[in-house]
Amino acid sequence: MWRNVAVIGVGQTKHGIRREVNVAEMIGEAAWKAIEDAELAPEEIDAIAIGNMQGFGGICQAELWSGDWFGAPGKPLLRIATGGTTGGSVAQCAIYQVASGMFDVALAIGFEKHSDSKEPGATMGLAHVGLANFFHLLACGLDFKTSLAWGGGVGAAAGVSGYQAANYMHRSGCKIEHLDMVAAKSRSNAAKNEYAHLQWPNCTVDYIANHPRFGEIVAYPLRLGHICPASDGASAIIVAAEERARSAERPAWVRGLASCADEENQMAENAQGVAVTDSSEQIQCKIAATKAYSMAGIKNPREEIDVAEIYQPFPHQELIYSERLQLFDDGKAWIPLEEGETQIDGRLPIDPSGGVLSTNAIGSSAMQRVAECALQIMGKAGQHQVPKDVKNAVAHGWGGSTNFTVVTILGDTPRLRR
Amino acid sequence: MRGKVAIIGYAQSYHQGNMPMTREDMVFEVAKGAAEMAGITREDLDTVINASNDYLDGRTISELFLVMPMGAYLRDYTKVEMDGAFAMFYGMLKILSGTHDIALIVANTQGSTFNPHQISTYMLDPTFDRQIGVLNDVSMAAIQARMYMNKYSVSEDEVAIVSLKNLGNAAKNPHAHRRMPGITIEEVLNSKLLYDPIRELTMSPISDGACAVVLATEKKARELSDNPVWIEGVGSSQDSYIRNRNLYHLEGLEKAAKRAYQMADIKNQFAELDLAEVSERYAYEELMIYEALGFCEKGKGGTLIDSCATFKDGQLPVNPSGGALSADPITATGLIRVVEAVMQIRGEAGACQLPGVWRALAHGQTGVCAQSNIVYILGGEY
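Calculation notes
- Residues numbered from 1 in each chain as written.
- Chains lettered and ligands numbered in written order.
- Predicted model: local features only at pLDDT ≥ 70, side-chain atom pairs only at ≥ 80, totals over all residues.
- Helix = DSSP H or I, 4+ residues; strand = E, 2+ residues; numbered from the N terminus.
- Rg over C-alpha atoms; globule rule 2.2 N^0.38 Å.
- Buried ≥ 20, exposed ≤ 12 C-beta atoms within 10 Å, placed from the backbone.
- Contact = placed C-beta atoms within 7 Å.
- Pairing = 2+ DSSP bridges.
- Axes fitted to C-alpha atoms, helices over the stretch in contact; angles between N-to-C directions.
- Nonpolar A, V, L, I, M, F, W, Y, C, P; charged D, E, K, R; others polar.
- pLDDT = per-residue confidence, 0-100.
- Parallel < 35°, antiparallel > 145°, perpendicular 65-115°, else oblique.

**Details of the overall build of chain B**
Check the secondary structure of chain B and you find 15 helices and eleven strands. Scaling as 2.2 N^0.38, a compact globule of 382 residues should have a C-alpha radius of gyration of about 21 Å, and chain B matches this with 19 Å. Going through the 382 residues of chain B one by one, you find that 65% of them count as buried. Contacts in chain B between residues at least 24 apart in sequence constitute 78% of all its contacts with a sequence separation of at least 6.

This is the structure:
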């Protein structure tokens, strides 16, 4: 049986290039901030969920080595990793740890330290998957060129997403200018978020489109200015059972959550015979959102959701996923964008924190979406607090080759009313 | 526990050194096998949880192509990057939350992809321990083994008896990788020395393998299964990093076991358990596991194995399947222990079957020198 749970504490490190700390110190920073924010003693934590994409930082199961820095010894710990969704999956794990009645207070941590790796993991990580396919196909006896085209030719995350963006633009009528708008909005929002990586105050569409470097097309239709950075950073939340959460000033209650996987949808479509050919379709996000909304008792997300934190390392994804989260009509999200509805002071602010476009420490990114929603509900988002009463917020994450989705709904009242 | 959770289906592969099968095929067979045994189809799966490790699989987001073979597409899905026994715990949490009724847990590793002992150096502190260049999971185990054996005067012969017992038991287990009927102490003691005192036959082999279980709520379990096996207790704990802890004992496992015993209301584990399946990556480790699980006093693991109490016909048989020494597809090993215990409780263990198994313990571990541990107490229908 479900029991009410809430987020009662949030901790984030400054995200960026963090050469002055190591992984353990960075995780510790976020974890202790969250514990202090929740006004807990470390021994009150009953269980821990943690995750990152370990290939990107060069440490296998870093929580085994670094556990002593965040109070793990003697506690049950689950390590979760699902690609880009990792942080969101970790947050959901902590929610289940408490909702199940097994534990009263859980600490969830997501982290990544890309600068420890010799390559920009956030954008090159998917190239590993493609590369593995390439060798797999080569080993199956296909010739070099065919193997490269089918397996290795995906061009990493930007390549995968470029293909998805082109698909979306083709069917929706969205133009490159709209992608510029999303990028400009995210980067200027990030300037108001002290933990964000790329902070470009008052960034304009013109700046993104006409900058000699950022305006350059990297993989059509994506410009360099459209692409997320590879950040270092960690974020953490404290999830507590109702009895404990009641003592918090304004907890962010978990109203609904869901995750959903689709078939791997881009990298080996020829070789594996999978059915998904339009990677901008994102049916798994629709399913997850429907489940989460119904669990939260939200009938009309357009009216009832006050703020959305969408995982958008590439700008078209903010548009696709806001449609799949049922916040806008299918193929029409660029119209409210044009009209400024999704700005911080708009009707439905999307990514007031600056989102993943401005800060991408993979394991931390989807966790930050949940953390930022919690901050907006608690009224503790500081300069990027949206100027309205936030009753419900939706946090989203995508992972894999855009085929995994997690959706978490937070609200100002508990899910089950007495 | 708020409600009961049962295991209603399971499957495991024929673990071997270099499986002539892709990862996807291997996983498909166990996922399908477990679902068929539970009498469910893909549409009945509320959640699918994979347990594998990107480093061991040699690719980022290694489960990406397992979504289809696991039957996870368009279903709730997540991955636990630890032993499958931990993934099963997550499955339990989801079911106890009342949001899911049926969970499929799939654990897989193909050790033949890349030498897992080489990968273990990436689990060490990157600033100091990794840089020394001589530490890995086997050399750390050698240090622990020597510390333990010296402190408690445990002989190499006593350690070899563990291998003798487990590899001998494995001879009757068709799923085991290393089956050695008629194995002798001399054979164990004369096997290749890797890091003193760790020898080839006192250490687990590098295996390819997969394992799957289906979990269900009490209501679903009674609908679908004639002999569900209930999770009566579970406990888990992560220990400090190897440099910061006492290597003479497995304190993390001790804590995990205490939690599981408390939940299952077990006061005298030696008398109340009919069987234990433990993940002993090294023969000496099984002796330390006896002590941590409270089967004997601290330092008396050697005496316990000498008394033959943990042999197949002993008072408390440990690893009648052959344990991790007989097959070790890393992230699947703990879940295989759960499955072997379930098989014994249901009377489906074939040639390994022991009489009168009602209540069994299963143990899974992750990390160098068994840093993170999970213990289950499983019971049949009384």
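Don't stop here, the text continues.
**Focus on the sheet that holds strand β1 (residues 5–12) of chain B**
Each strand in a sheet pairs with its neighbour through backbone hydrogen bonds, running either in the same direction (parallel) or in the opposite one (antiparallel). All names here are of chain B. Taken in spatial order, the nine strands of this open sheet run β3-β2-β4-β7-β1-β8-β11-β10-β9, and their pairing is mixed. Strands at the two margins of the open sheet, each flanked by one partner only, are β3 (76–80) and β9 (275–277). Here the strands of the sheet are splayed against their neighbours by 25° on average, with no regard to which way each runs. Alignment of strand β4 (residues 102–110) against strand β7 (residues 208–217), held across nine bridges, turns out to be antiparallel. The residue of β7 that forms the bridge with T109 is G209. Packing of helix α3 (residues 84–96) onto the sheet brings it into contact with β1, β2 (47–51), β3, β4, β7, β8 (229–238), β10 (359–366) and β11 (372–379), and relative to β4 it is tilted by some 165°. Sitting on the sheet, helix α15 (residues 333–346) is in contact with β1, β2, β4, β7, β8, β9, β10 and β11, with an inclination near 170° to β10.

**A few points about the pairing of strand β8 (residues 252–261) of chain A**
All names here are of chain A. Counting buried positions along β8 gives ten out of ten residues, so the element sits mostly inside the fold. Pairing geometry for strand β1 (residues 5–12) and β8, over two bridges, is antiparallel. By the bridge assignment, A6 is partnered in β8 with W253.

**Things to note about the interface of chain A and chain B**
Contacts between the two partners involve 51 residues from chain A, matched on the other side by 48 residues from chain B. Elements with a contribution of two residues or more to the side of chain A that touches chain B: α2 (62–66), β3 (77–79), α3 (86–99), α4 (121–139), β8 and α11 (283–296) of chain A. Here the side of chain A that touches chain B is built from residues that sort into 25 nonpolar, 20 polar and six charged.

**Describing unusual backbone geometry**
Residue A:P221 is bonded to the preceding A:Y220 through a cis peptide linkage, with omega at 0°. Put simply, B:D196 and B:P197 share a cis peptide bond, and its omega is 0°. Relative to the elements of secondary structure, B:P197 occurs in the loop between β5 (193–195) and β6 (198–199). The residue A:Q282 is not glycine, and still its phi comes out positive at about 55°. Position of A:Q282 relative to the elements: it lies in the loop between α10 (269–272) and α11. Positive phi is not limited to glycine here, since A:Q326 has a value of about 65°. Along the chain, the position of A:Q326 falls in the loop between α13 (315–324) and α14 (334–338). Residue classification places A:Q326 among the partly exposed residues on the basis of 19 C-beta atoms within 10 Å.

**Considering the confidence of the model for chain B**
The predicted model of chain B averages 96 in pLDDT, with 100% of residues at 70 or higher. Listed scores for the predicted complex are pTM 0.96 and ipTM 0.97.

**Regarding the packing of α3(A) against helix α16 (residues 362–378) of chain A**
Residues and elements named next belong to chain A. Contact pair α3 / α16: the axes reach a minimum separation of 5 Å and the direction vectors enclose 55°. As judged from the angle between their axes, α3 and α16 are oblique. Contacts between α3 and α16 pair T86, G87, G88, V90 and A91 from the former with I362, G363, S364, S365, A366, M367, Q368, R369 and V370 from the latter. Along the lines of polarity and charge, the residues of the contact of α3 with α16 split into six nonpolar, seven polar and one charged.

**Details of the sheet that holds strand β7 (residues 232–241) of chain A**
All names here are of chain A. Spatial strand order, β3-β2-β4-β7-β1-β8-β11-β10-β9: nine strands in an open sheet with mixed pairing. Among the strands making up the open sheet, the edge pair consists of β3 and β9 (307–309). Ignoring which end each strand starts from, the neighbouring axes of this sheet average 25° apart. Sheet analysis places strand β2 (residues 47–51) next to strand β4 (residues 105–113), joined by five bridges and oriented parallel. Note on β4: the bridge partner recorded for A47 is A106. Across the face of the sheet, helix α1 (residues 23–37) comes into contact with β1, β4 and β7 while running at roughly 135° to β1.

**Concerning the environment of A:G28**
Residues and elements named next belong to chain A. Here G28 is to be found in helix α1. For G28, a count of 21 C-beta atoms within 10 Å puts it in the buried group. Those residues in contact with G28, other than ones at most four positions away along the chain, are W69 and F70.

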